[in-house]
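# Working through the structure, step by step
This is what each chain is made of:
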Amino acid sequence: ADPAEKAKAIVKLSTVEFSAGRYSDALALLKEHAHVFDERVSHSLRGSFHNHLALVLKQLGILEARPDYLDRAIIEYTAAIHHLGEAGHDRYRATNENNLANLLRKMGRYRQAHEHLERAGAVLRRLNDAGLLAQVDETRASVFIAEKKYGEAERVISRAVRTLEQGGAAALLADALTTQGVTWARLGKNENSIQVLRRAVQVAEEAGAFSNAGLAALTLIEEHGARRTFPRQELYELYERADNLLKDAQHPETIARLRVCARVVMRRLAGIQLDDRNFTFFNAVQEFEERLIERALEEAGGSVVRAARLLGPKHQTFTSMLTQRHKKLLAKRTPREKRLRSIIKEPKE
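Residues numbered from 1 in each chain as written. Predicted model: local features only at pLDDT ≥ 70, side-chain atom pairs only at ≥ 80, totals over all residues. Heavy atoms only, no water.

### A short note on helix 1 (residues 3–19)
Because each turn of an α-helix spans 3.6 residues, side chains separated by three or four positions in sequence point in the same direction. Just so we agree on the cut-off: A helix here means a DSSP run of H or I that spans at least four residues, while a strand means a run of E at least two residues long, and both kinds are numbered starting from the N terminus. Between the first and last residue of a helix there are one fewer steps than residues, each counted as 1.5 Å, and that sum is the expected span. Burial classes follow relative accessibility: with a 1.4 Å probe on protein chains only, a residue under 20% of its type's maximum area counts as buried, one over 50% as exposed, and anything between as partly exposed. Taken from the helix axis, the directions to the C-beta atoms give the arc we talk about. The contact criterion used throughout is that any non-hydrogen atoms of two residues lie within 4.5 Å.
Taking 1.5 Å per residue as the helical rise, helix 1 with its 17 residues ought to reach 24 Å, and the 24 Å between its terminal C-alpha atoms agrees with that figure. Every buried residue belonging to helix 1 is among Ala7, Ile10, Val11 and Ser14, and all of these are buried. The arc that holds the buried residues of helix 1, viewed along the axis, is 100 degrees, so those residues lie on one side. Facing away from the buried side of helix 1, by more than 90 degrees, are the exposed residues Lys12 and Ser19. Summarising the contacts, the buried residues of helix 1 are in contact with helix 2 (23–32) and helix 3 (43–63). Gly21 lies just past helix 1 and shows a positive phi near 80 degrees.

This is the structure we're talking about:
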């Protein structure tokens, strides 16, 4: 058989196994036929082989907590970069540099990650490929976040978002928005962070990128779910949404994040606890009062008068509690109706 045709068939078969989540089978297939990818086949095919092997090793290394697999993945990515460069496939070479940088970030090797991102960026700037350059910027921002260099992360991710907003890659835009949301949360720009993470979920979901949408929802819970000002009802609905979007997830990191977020939601729904880090008696009373008022407004269909009757205080007192202490619940009440003025004049004495 023609070596090139056999090599192509092996790459396709390994892609099928990888896509089906059969990573061990993909690894066994590639190892068994590694001899096919020798000098008889092109640099392009050899680069593709090493790239697939790197992807499989990285996935198994994370799934099975095998640092030796991760180290081997670095070697395979490096080999793929070499062969793709020899074949003149500069875009694929830059993509592999970016993928290697992402792996190095996960391993805490930030300086090396930046070196590979610089190489990828140089190639893509020469090719004037703004879309791939934005993906490199998103990876770079993630490295900066891991290094707690949030100002630099903000600068880089803002540039990536602006670029991706001009294109049609909704899943990539959602990922960049998610990274931007994390950056703003770490900088204390909480309202901006919440809004951009909500947008990330919506953008990904509308594009059919359900996994990206689910991960963006988890990020929103992780960054803001424990905050008392974040609406409990939205938090509950957000977790249900994430759980549904990620129902087929097999990656242990995603499953672990789902479990952590479930605990965040349950803790919030249970109310303030004595061992909470920022516990105060006033905040506990305030939260309990808010939950009762919210429940009363729901029972009363938004009527402030009927909600006040359910709870006991006078209408004026209840309205004052809403406008002064629980302004975010004002949206739950029905609009006030203007009282009609009588057209019959009172007789003058």
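### Regarding the packing of helix 9 (residues 170–186) against helix 11 (residues 210–224)
Angle between the axes and distance between the axes: these two values describe a pair of packed helices. Put simply, the rule reads: Helix axes use the C-alpha atoms of the stretch in contact, all axes being lines fitted to C-alpha atoms, and the angles between their N-to-C directions lie in the range 0 to 180 degrees. Oblique is the label for any angle not covered by the other classes, which are roughly parallel (under 35 degrees), roughly antiparallel (over 145) and roughly perpendicular (65 to 115). Residue classes follow a fixed rule: Ala, Val, Leu, Ile, Met, Phe, Trp, Tyr, Cys and Pro count as nonpolar, while Asp, Glu, Lys and Arg count as charged, and any other residue, Gly among them, counts as polar.
Relative orientation of the contacting elements helix 9 and helix 11 amounts to 5 degrees, with a least axis distance of 10 Å. The orientation of helix 9 relative to helix 11 falls into the category roughly parallel. Residues Ala171, Asp175, Thr178, Val182, Ala185 and Arg186 of helix 9 form the contact with helix 11, whose own contacting residues are Asn212, Ala216, Thr219, Glu223 and His224. Split by residue class, the contact of helix 9 with helix 11 holds four nonpolar, four polar and three charged.

### Quick look at the packing of aromatic side chains
For any pair of aromatic rings, the description consists of the separation of the ring centres together with the inter-plane angle of the planes. Cut-off, in case you're wondering: Stacked, tilted and edge-to-face are the three classes applied to pairs of Phe, Tyr and Trp rings, where Trp contributes its six-membered ring and a pair requires centres within 6.5 Å; stacked means planes under 30 degrees apart, edge-to-face means over 60, and tilted covers the rest.
Taken as a whole and judged by the stated rule, the model has two aromatic pairs. Consider the rings of Phe37 and Phe49, whose centres lie 4.4 Å apart with planes at 20 degrees: the pair is stacked. In this pair, Phe37 is assigned in the loop between helix 2 and helix 3 and Phe49 in helix 3, connecting sequence segments twelve residues apart. Each member of the pair, Phe37 as well as Phe49, carries the same accessibility label: buried.

### A short note on a nonpolar patch on the surface
To keep things clear, this is the line we draw: Only residues whose relative accessible area exceeds 30% and that form no salt bridge are eligible for patches; like-charged ones are grouped when within 9 Å, while nonpolar side chains (Val, Leu, Ile, Met, Phe, Trp, Tyr) are grouped when within 5 Å. Using a 1.4 Å probe, the Shrake-Rupley method yields the accessible areas, and only the shown protein chains count as cover for residues. A carboxyl oxygen of Asp or Glu within 4 Å of a side-chain nitrogen of Lys or Arg is what we treat as a salt bridge.
Residues Leu292, Leu310 and Leu311 make up a contiguous nonpolar surface patch of about 260 Å² in total accessible area. Mapped onto the secondary structure, Leu311 falls in helix 15 (residues 304–311). Exposure remark for Leu311: the relative accessible area of 35% places this residue in the partly exposed category.

### Some thoughts on the environment of Gly168
Mapped onto the secondary structure, Gly168 falls in the loop between helix 8 (150–164) and helix 9. According to the relative accessible area criterion, Gly168 is exposed, its value standing at 80%. Separated by 81 residues in the primary sequence, Gly168 and Ala249 place their C-alpha atoms 25 Å from one another.

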